[in-house]
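Below are the chains, spelled out letter by letter.
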Amino acid sequence: MKIYRLLTEDDTSAFCHKVSEALSKGWELYGSPAMSFDAARGVMRCAQAVTKEIEAPYSPEMKLGQQ
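Given the structure is predicted, the values throughout are model-derived calculations rather than measurements. What you see as residue numbers is a count from 1 along each chain, following the sequence as written. At least 70 in pLDDT is required for a residue's local features to be given in this predicted model, at least 80 for side-chain atom pairs to be given and counted, and no such filter applies to totals for whole chains, interfaces and linings, which use all residues. In computing side-chain values, all of the structure's heavy atoms are included and hydrogens and water are not.

The next point concerns the pattern of salt bridges. Oppositely charged side chains are able to pair whenever their charged atoms sit close together. Any carboxyl oxygen of Asp or Glu within 4 Å of a side-chain nitrogen of Lys or Arg constitutes a salt bridge here. Counting across every chain of the model gives 5 salt bridges. One salt bridge in this structure joins Lys-18 and Glu-9, with 3.4 Å as the shortest N-O distance. Classification of residues uses two cut-offs on accessible area relative to the type maximum, computed with a 1.4 Å probe and protein chains only: under 20% is buried, over 50% is exposed, and between them is partly exposed. The partly exposed category is assigned to Glu-9, whose relative accessible area is 23%. For the salt bridge of Arg-45 with Asp-10, the shortest nitrogen-to-oxygen distance reads 2.8 Å. One end of the pair, Arg-45, is in strand S3 (residues 43-53); the other, Asp-10, is in strand S1 (residues 2-10), and 35 residues separate them in sequence. For Asp-10, a relative accessible area of 15% translates into the label buried. Sharing partners across several salt bridges, the network here consists of Asp-10, Asp-38, Arg-41 and Arg-45. Under the DSSP-based scheme used, a helix requires at least four consecutive residues in state H or I and a strand at least two consecutive residues in state E, with every element numbered from the N terminus.

Structural data, given as structure tokens:
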């Protein structure tokens, strides 16, 4: 079964590290990254979707980041 996550973070190296960590755990990039300006905070935000094939059945209670 394929599971999906959307990784988000301010446009800093923390975002790159979050995506790199997911890739190192077997997640694969899904689509292109996106950026948007958060006017309330005055910062750019990044997002990247990732997917991963797992053996377990899906459950809404599963912690996706721990898969």
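This part covers the environment of Ala-49. In this fold, Ala-49 is placed in strand S3. Among the residues examined, Ala-49 registers a relative accessible area of 8% and is labelled buried. In this structure, the C-alpha to C-alpha distance between Ala-49 and Leu-7, residues 42 residues apart in sequence, is 6.1 Å. We call two residues in contact when some of their heavy atoms are within 4.5 Å. Ignoring any residue separated from it by four or fewer positions in sequence, one finds Ala-49 in contact with Tyr-4, Arg-5, Leu-6, Glu-28, Leu-29 and Tyr-30.

We now examine the sheet that holds S3. We call two strands paired when DSSP finds no fewer than two bridges between them. Here we have 3 strands laid out as an open sheet, ordered S1-S3-S2, and antiparallel in their pairing. The open sheet terminates on both sides in strands that have one partner only, identified here as S1 and strand S2 (28-38). Ignoring strand direction, the axes of neighbouring strands in this sheet form an average angle of 15°. Across 8 bridges, the pairing between S2 and S3 is antiparallel. Paired with Met-35 across the two strands is Cys-46, which belongs to S3. Axis lines are fitted to C-alpha atoms, over the contacting stretch for helices. Their N-to-C directions set the angle, which ranges from 0 to 180 degrees. This element, helix H1 (residues 13-24), spans S1, S2 and S3 of the sheet and lies at about 160° to S1.

Counting through the fold element by element, Lys-52 comes out in strand S3. The positive count covers Lys and Arg only, the negative count covers Asp and Glu only, and His and the chain ends enter neither. For the buried Lys-52, which has no salt bridge, the nearest side chain bearing the opposite charge is Glu-28, at an N-O separation of 10.0 Å. Under this definition, polar contacts are N or O atom pairs within 3.5 Å; protein pairs additionally need one hydrogen-donor-capable and one acceptor-capable atom, and for neighbouring residues in sequence, both atoms have to be side-chain atoms. A polar contact of 2.8 Å, which involves the side chain of Lys-52, links it to the backbone oxygen of Lys-25. Looking at Lys-52, its side chain comes within polar contact range of the main-chain oxygen of Gln-67, at 2.7 Å.

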